[in-house]
Amino acid sequence: MISSNTRKYTVVSLLVNGVSHDVMIRSADTLLYTLREQLGLTGAKYACGNGDCGACTVLVNGKPMHSCLTLAIESINDEITTIESMKHSDIRSAFVANWAIQCGYCTPGFILNCHALVNEHPDADDEIIEEWLKSNLCRCTGYQEIKDAVKSVLEANKLKAKENSNLAQ
Ligand code: FES
Ligand code: FES
């Protein structure tokens, strides 16, 4: 909600990782800039700044978005998820277990993208995984390990679903 206005700045509330934050933004401030500079959430990275690399990926209402191309003012009323809230997620653990991290610069973006992938496509095959991963670049080229991490979560989720359905019978 817009709660006050000055000549250049507007105070708005952004819902980030389940918490509402009042931030002062200018109309051209990106979501990435606001998360990093106003809220100190530096997990999302600035790299290309033009939508090519995915280092700035966050989830907006559960969908991966390039926060370098999203205006903060567009994100009012949206639910924003950043890497800082993913400490205990299955996909983060799978990245660690599968050595899917090298320098780590691309990792926050990949983890969020992959989290959305396993949620949206519980039966994802190689083709779907390849397609989703196209939106993020890894200069260290650790793509195989990232795919292995995704597949390990998909398999674990299928196993859990099977166990739950057996228990329900
Ligand atoms: S920094 Fe946003 S896509 Fe590269
Ligand atoms: S781990 Fe270094 S850029 Fe991906």
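As the structure is a prediction and not an experimental result, all values here were calculated from the model.

Participant: Report on the nonpolar core, specifying residues and quantitative values.
Facilitator: The biggest cluster of nonpolar side chains holds 37 residues, and the ones touching the most others in it are Ile-91, Ile-111, Cys-114 and Ala-149. Secondary-structure elements contributing two or more residues to this core are strand S2 (10-16), helix H1 (31-38), strand S4 (57-60), helix H2 (90-97), helix H3 (107-120) and helix H5 (143-168). Among the elements that make up this core, the one with the highest residue count is H3 (six residues). Here Ile-91 is in contact with Ile-111, Cys-114, His-115, Val-118, Ala-149 and Val-153, once residues within four sequence places are set aside.

Participant: Can you break down the domain arrangement of the chain residue by residue, with the values?
Facilitator: How big an interface is tends to be stated in terms of the accessible area lost upon association of its parts. Under the domain assignment used here, the chain contains domain 1 (4-85) and domain 2 (90-168). A C-alpha centroid distance of 24 Å is found between domain 1 and domain 2. Each partner contributes to the interface: domain 1 provides 15 residues, whereas domain 2 provides twelve residues. Elements with a contribution of two residues or more to the side of domain 1 that touches domain 2: S4 and strand S5 (63-66). Ranked by the residues each element gives to the side of domain 1 that touches domain 2, the list is headed by S4, at three residues. The class makeup of the residues in the side of domain 1 that touches domain 2 is eight nonpolar, five polar and two charged.

Participant: I'd like to hear about unusual backbone geometry, residue by residue, with values.
Facilitator: Even without being a glycine, Asn-61 presents a positive backbone phi close to 55°. Mapping Asn-61 onto the fold places it in the loop between S4 and S5. Despite not being glycine, Trp-99 shows a phi value in the positive range, around 55°. Summarising the element assignment, Trp-99 is placed in the loop between H2 and H3. We classify Trp-99 as partly exposed; it has 13 C-beta atoms within 10 Å.

Participant: Any details on H2? Residues and values, ideally.
Facilitator: All of the buried residues in H2 are Ile-91, Arg-92, Ala-94 and Phe-95. One face of H2 carries all of its buried residues, which in axial projection span an arc of 160°. Residues of H2 that are buried sit in contact with H3 and H5. Just beyond H2, the residue with positive phi is Trp-99, at close to 55°.

Rules used throughout
- Counting restarts for each chain: residues are numbered from 1 in the order of the written sequence.
- Chains carry letters from A onward and ligands carry numbers from 1 onward, assigned in written order.
- In keeping with the predicted nature of the model, local features appear solely for residues at pLDDT of at least 70, side-chain atom pairs appear and are counted solely at 80 or more, and the whole-chain, interface and lining totals rest on all residues.
- Each nonpolar core comprises buried Ala, Val, Leu, Ile, Met, Phe, Trp, Tyr and Cys residues, the members being joined through C-beta atoms within 7 Å.
- Counts of 20 or more other C-beta atoms within 10 Å of a residue's own C-beta define buried residues, counts of 12 or fewer define exposed ones, and intermediate counts define partly exposed ones; C-beta atoms are placed from the backbone.
- Working definition: helices are DSSP H or I runs of at least four residues, strands are E runs of at least two. Numbering for both runs from the N terminus.
- By the convention adopted here, residues make contact when the C-beta atoms placed from their backbones lie within 7 Å.
- Where each domain begins and ends follows an automated or database-derived domain assignment.
- Asp, Glu, Lys and Arg are counted as charged, while Ala, Val, Leu, Ile, Met, Phe, Trp, Tyr, Cys and Pro are counted as nonpolar; the rest, among them Gly, fall into the polar class.
- This arc corresponds to the set of directions leading from the helix axis out to the C-beta atoms.

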